[in-house]
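# Structure assessment
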Amino acid sequence: MQLRLPTSISEAQRCLAEGAVPIGGATLVWAAWQRDGFPEQAVSLRNLPEANAVGPEEVGGAVLLHRVDATVPEVLHRAASRIGTGAVRRAATVGGNIVGSTLRCLLPAALVLDARATVLGTDSVYETDLTELVAKRHVLLGLRWRTPLASGYRKLEGDPGGPPPLVVAAAVHSDGARPGHLRVAVRDGYDVLSESTPYTPDADSALHALDGTDLGGLPAAAREAVREQVTDVLARSAAG
């Protein structure tokens, strides 16, 4: 297998047009390739500057998970720090987790940040939402968002060999000079639900509004985790 490492957008597009298979850290595909056979060529964006940025309002698709640090909002930092082992986090990438994984541990965090995705096509670079990114498995150049007033992330303990552990993410966003809306995302099993409601400092009122959405149909344990996360994030946004 030939691994191609483009250093420019045009070179990366040429690799894709010539049939190179996109990979990040290959943590999700290596075992399958060993079993089923390796592609003739693969392409990694690890040398592409546009895919390696880390900042308060952006993260690149080729960024290794251990590099997603406190520079980014708390919800994304905590999500990345709780994926796999240290060895996994030093190899796996943001794009691989969101686009290539069935677990998509970072997706709830990206959703509550109202993040937009910049994707790489064979003949264009453009912005889209996370729904299209995941559904069409685009090549992710990076995510961008506006810094929230407060955010938080919780990943419950899972049973060995059982379904993926419950994940709850929440963030409060501003509307000009004032808090504007609360967004909550939950990974329940392999399903990810995301809802928003106008901001209120009262947690009970916010939770009542969320009960009227798909989040209201979650199991009792999941709703309790949502309650705890929403209460914490609203309290910190009011104090902050």
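Look up: the structure comes first, before these words.
## Observations concerning the overall build of the chain
Looking only at helices and strands, the chain has nine helices and twelve strands in total. For 240 residues, the compact-globule formula gives about 18 Å, and the C-alpha radius of gyration of the chain, at 18 Å, lands near that figure. When its C-alpha atoms are laid out on the principal axes, the chain stretches across 55 × 45 × 30 Å. Burial status across the chain gives 45% buried among its 240 residues. If you take every contact in the chain between residues at least 6 apart in sequence, the share linking residues at least 24 apart comes to 56%. Roughly 11500 Å² of accessible area belongs to the chain as shown, and the carbon and sulfur atoms make up 49% of that amount.

## Considerations on the pairing of strand β3 (residues 41–44)
With burial as the criterion, each face of β3 is covered, one bearing Gln41 and Val43 and the other bearing Ala42 and Ser44. For strand β2 (residues 21–23) and β3, the ladder comprises three bridges, and the chain directions are parallel. Looking at the pairing, Val21 lines up with Ala42 of β3.

## Side note on unusual backbone geometry
With a phi close to 55°, Asp114 is a non-glycine residue in the positive phi region. Relative to the helices and strands, Asp114 resides in the loop between α6 (107–112) and β6 (116–120).

The rules behind the values
- Residues numbered from 1 in each chain as written.
- Predicted model: local features only at pLDDT ≥ 70, side-chain atom pairs only at ≥ 80, totals over all residues.
- Heavy atoms only, no water.
- Helix = DSSP H or I, 4+ residues; strand = E, 2+ residues; numbered from the N terminus.
- Rg over C-alpha atoms; globule rule 2.2 N^0.38 Å.
- Buried < 20%, exposed > 50% of the residue type's maximum accessible area, 1.4 Å probe, protein only.
- Contact = heavy atoms within 4.5 Å.
- Areas by Shrake-Rupley, 256 points an atom, 1.4 Å probe, with all protein chains shown as cover.
- Pairing = 2+ DSSP bridges.

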